Amino acid sequence: MSQETLSNLLHERRRFEPPAGLASRANVTADAYAEAERDPLAFWEKAAERLSWDTRWERVLDWDDAPFAKWFVGGRLNAAYNCVDRHVEAGRGDKVAYHWVGEPPGDTRDITYAELKDEVCRAANALVELGVKTGDRVAIYMPMIPETVIAMLACARIGAPHTVVFGGFSSQALVDRIHDCDARVVITADGGYRRGAPSALKPAVDAALRHCPDVRSVLVAKRTGQDVDWTEGRDVWWDDLVGRQSTEHTPEAFDAEHPLYVMYTSGTTGRPKGILHTTGGYLVGTSWTHWAVFDLKADEDVFWTAADIGWVTGHSYIVYGPLANGATSVMYEGTPDTPHKGRWWEIIQEQKVTILYCAPTAIRTFMKWGTDIPATFDLSSLRLIGSVGEPINPEAYIWYREAIGGGRCPVVDTWWQTETGQIMISPLPGVTAGKPGSAMKALPGVSALVVDEEGEPVGPGSGGYLVLTDPWPAMLRTIWGDDERYRETYWSRFPGRYFAGDGAKLDEDGDVWLLGRVDDVMNVAGHRLSTTEIESALVSHPKVAEAAVVGANDPETGQAVNAFVILRESAGDGGPDVVKELRDHVAKEIGPIAKPRAIMVVPELPKTRSGKIMRRLLRDVAEHREVGDVTTLADSSVMDLIKEKEGQAPAED
Ligand code: WTA
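These numbers come from a predicted model, not from an experiment. (Residues numbered from 1 in each chain as written. Predicted model: local features only at pLDDT ≥ 70, side-chain atom pairs only at ≥ 80, totals over all residues. Heavy atoms only, no water.)

Digging into empty space enclosed by the protein
Step number 1: Under the defined criterion, the tally for this structure stands at 4 cavities of 30 Å³ or more.
Step number 2: In this structure, the largest cavity spans a volume of roughly 70 Å³.
Step number 3: Along the wall of the largest cavity there are 14 residues; nearest its centre are Phe-16, Pro-410, Val-411, Thr-432 and Gly-434.
Step number 4: Tallied by class, the residues present in the lining of the largest cavity amount to 10 nonpolar, 2 polar and 2 charged. (1 Å grid on protein atoms, 1.4 Å probe; cavity = no way out; pocket = protein on both sides within 12 Å on 5 of 7 lines; lining within 4 Å. Points joined across faces, edges and corners; volume = space filled by probe spheres on them. Nonpolar A, V, L, I, M, F, W, Y, C, P; charged D, E, K, R; others polar.)

Digging into the site of the ligand
Step number 1: Lining the immediate environment of the ligand, one finds 17 residues, of which Asp-413, Thr-414, Thr-418, Asp-502 and Arg-528 sit closest.
Step number 2: Between a nitrogen atom of the ligand and a main-chain N or O atom of Glu-390, the distance comes to 3.3 Å.
Step number 3: Within the side chain of Thr-418, one N or O atom sits 2.5 Å away from an oxygen atom of the ligand.
Step number 4: When the ligand sits alone it has 530 Å² of accessible area, and the protein chains cover 96% of it.
Step number 5: Counting only elements with at least two residues in the shell around the ligand, the list comes to α12 (312–324), β20 (411–414) and β25 (512–517). (Near = heavy atom within 4 Å. Polar contact = N/O pair within 3.5 Å; in protein donor to acceptor, adjacent residues only side chain to side chain. Areas by Shrake-Rupley, 256 points an atom, 1.4 Å probe, with all protein chains shown as cover. Helix = DSSP H or I, 4+ residues; strand = E, 2+ residues; numbered from the N terminus.)

Some words on the pairing of β20
Step number 1: Here β20 shows two buried faces, one formed by Val-411 and Asp-413 and the other by Val-412 and Thr-414.
Step number 2: Viewed along the sheet, the connection from strand β19 (residues 384–388) through helix α16 (residues 394–404) into β20 turns out right-handed. (Buried < 20%, exposed > 50% of the residue type's maximum accessible area, 1.4 Å probe, protein only. Right-handed = clockwise from strand over helix to strand, strands pointing away.)

A closer look at helix α20 (residues 615–622)
Step number 1: With respect to burial, α20 is a largely interior element, 6 of its 8 residues being buried.
Step number 2: For α20, the complete set of buried residues consists of Arg-615, Leu-617, Leu-618, Asp-620, Val-621 and Ala-622.
Step number 3: As for α20, its buried residues are in contact with α18 (531–539), β28 (544–554), β29 (558–567), β30 (598–601) and α21 (638–646).
Step number 4: Positioned one or two residues after α20, His-624 has a phi angle of 55 degrees, which is positive. (Contact = heavy atoms within 4.5 Å.)

With respect to the layout of surface pockets
Step number 1: Considered as a void within the structure, the second largest pocket measures approximately 510 Å³ in volume.
Step number 2: Surrounding the second largest pocket, 27 residues form its lining, Ala-442, Leu-443, Val-446, Ser-447 and Ala-448 being those nearest its centre.
Step number 3: A per-class count over the lining of the second largest pocket returns 21 nonpolar, 3 polar and 3 charged.

A short note on the sheet that holds strand β24 (residues 498–506)
Step number 1: Pairing is antiparallel in the open sheet, where 4 strands are placed in the order β21-β22-β24-β25. Pairing within the sheet leaves two strands with one partner each, and these edge strands are β21 (448–451) and β25. If you compare each strand with its neighbour and ignore which way they point, the axes differ by 45 degrees on average.
Step number 2: Here 5 bridges tie strand β22 (residues 463–468) to β24, and the two strands are oriented antiparallel to one another. (Pairing = 2+ DSSP bridges. Axes fitted to C-alpha atoms, helices over the stretch in contact; angles between N-to-C directions.)

Some points on a negative patch on the surface
Step number 1: A cluster of acidic side chains, namely Asp-94, Asp-110, Glu-115, Asp-118 and Glu-248, defines a negative patch on the protein surface.
Step number 2: Looking at the secondary structure, you find Glu-248 in the loop between α10 (238–243) and β13 (254–255). (Patch = residues over 30% accessible without salt bridge, like charges linked within 9 Å, V, L, I, M, F, W, Y side chains within 5 Å. Salt bridge = Lys/Arg side-chain N within 4 Å of Asp/Glu carboxyl O. Lys, Arg positive; Asp, Glu negative; His and termini not counted. Charge placed at Lys NZ, Arg CZ, Asp CG, Glu CD.)

Here's the deal with the domain arrangement of the protein chain
Step number 1: The domain architecture assigned to the protein chain consists of domain 1 (54–88 + 110–284), domain 2 (447–515) and domain 3 (525–645).
Step number 2: Between the C-alpha centres of domain 2 and domain 3 the distance comes to 29 Å. (Domains from an automatic or database assignment.)

A word on the side chain of Thr-224
Step number 1: Considering the arrangement of structural elements, one finds Thr-224 in the loop between β11 (217–221) and β12 (235–237).
Step number 2: With a relative accessible area of 16%, Thr-224 lands in the buried category.
Step number 3: A polar atom in the side chain of Thr-224 sits 2.6 Å from the side chain of Gln-226.
Step number 4: Apart from the residues lying within four places of it in its own chain, the contact partners of Thr-224 are Asp-190, Gly-191, Gly-192, Tyr-193 and Pro-198.

See below:
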């Protein structure tokens, strides 16, 4: 597509109606909005009937003890049974659950629902043999391999909440999460393939467990065959233990509110928060939205969420939603540019993917690589494409729609969060038009508002804060072990309403445009990072006296981490070596994704008279523009010193 076509499209067609062919046989029609508005609980009750329950609920929602919700009160079900067994029992055992694609070309594996059932039963029996009981937490630190899904479902099957830690996180991050939820068993792998080479995982687990004496067992899947250190009595190979188990395991039905998993995510304060999701509501919310937003036809579609299972997108739309719906999914281990920059398009061509779901940061990267690359592959199988994780800028939306979707696939821009568990704001592809840059409107059964400082709803054409006014099935239930922090973080800014932490505006039609975080959470390449968490990592280094971190606009990753540090006197004046040392230190403390793009050593930080760092001014520096109003600074000459330094800052890499 030429620049000219792109800019014509941007200016001429700002609204895309649902394609007629899709609309005429869409899973959900326009009636759903009215139906849900009349009686939201009856609406979600109907969605719950799509699942298999051992005991039906007595009450759809108990909100008496708000903000602590109970959904499908008294209902009992097993998540793994719903995701796997029931499809086999319905005669769909031969249907492929996953086309797994390894990073090395040709390394693929298809797993049917029947095979998945056997593997999950074996793994559940193995966990029982390791002494895991209902309610015990299990940490999972894995690459993108089938065993990761099997491990999650095995945990769900025996009612042991899992906490999946993204494989790109550091061993320190693993330690923090294991401690916070007191996991006693860790499931990992020797390594995985990343950028064309085996990359190790087990050493990070070994390092972490030196600080976690309560972890008694480590189950290790073999993926790369690389050498690993072994702790006798603690470590056990997946193939040895799981391989010899029976494929029979009777699933127990758990209370709808039984914890399903804890997922850690960055908040505005230092420590990551353990977001708790429970069984019934989460499965209802993820399966219904997966079916409605992607218009899933289980017998026809090949669905691909190109995300890592270590994030909520992977939990809800690689694992629980698609499996509960009996869908066929693609699961890809590697990066988009290995062994070549057309890898995703090759996978779509080979696996005949019909629905693709990915993050704007990936789309912008592909845009940079050029339209010629996808153009050499056959992408005609695609019928719907989705976006998640950050605001999608109109240019990227149009490019995605044209260069990948061939101009015929609707784009669903889906807004949601680790905390919401399920998609909340998104077009319904057979009903709602799409506008480049807008997530359009709250799904049926979801009630979102944009409010001003005082909590008053704003009208069309105005902006403010995004809030959710009513509980929804897949909502977080609390922060693991910290009910007060849950109440304080989400329900106190606007009493009685869920504060999402995002800015938003309504256009003249009343459609929602997300504007990014309004708090100290950054969004880097679709990953949530907290400024305070990175600042804490920096000041934990002996050479650093003080640190301030800001997210600066970045054309590719949305935002990039920029740090400003004051060194201790003993550290000298901070040449490139110190900067490298500090960047590596952040990678070690949190993970490579948190590594600052640039670190500037400064003599002072801009502070107000009350000592608050004015990040706005630092953002001006990081984004290379004139610094804004400095009149509220305690010492306004500080910014001159920083600007002076800017000229000498070491090159970014
Ligand atoms: C941002 C990812 C704009 C938002 C599922 C939110 C988005 C945070 C969108 C949650 C979107 C997610 N448009 N912004 N379609 N989707 N966000 O917890 O700032 O990793 O608060 O969940 O990502 O990130 P999280």
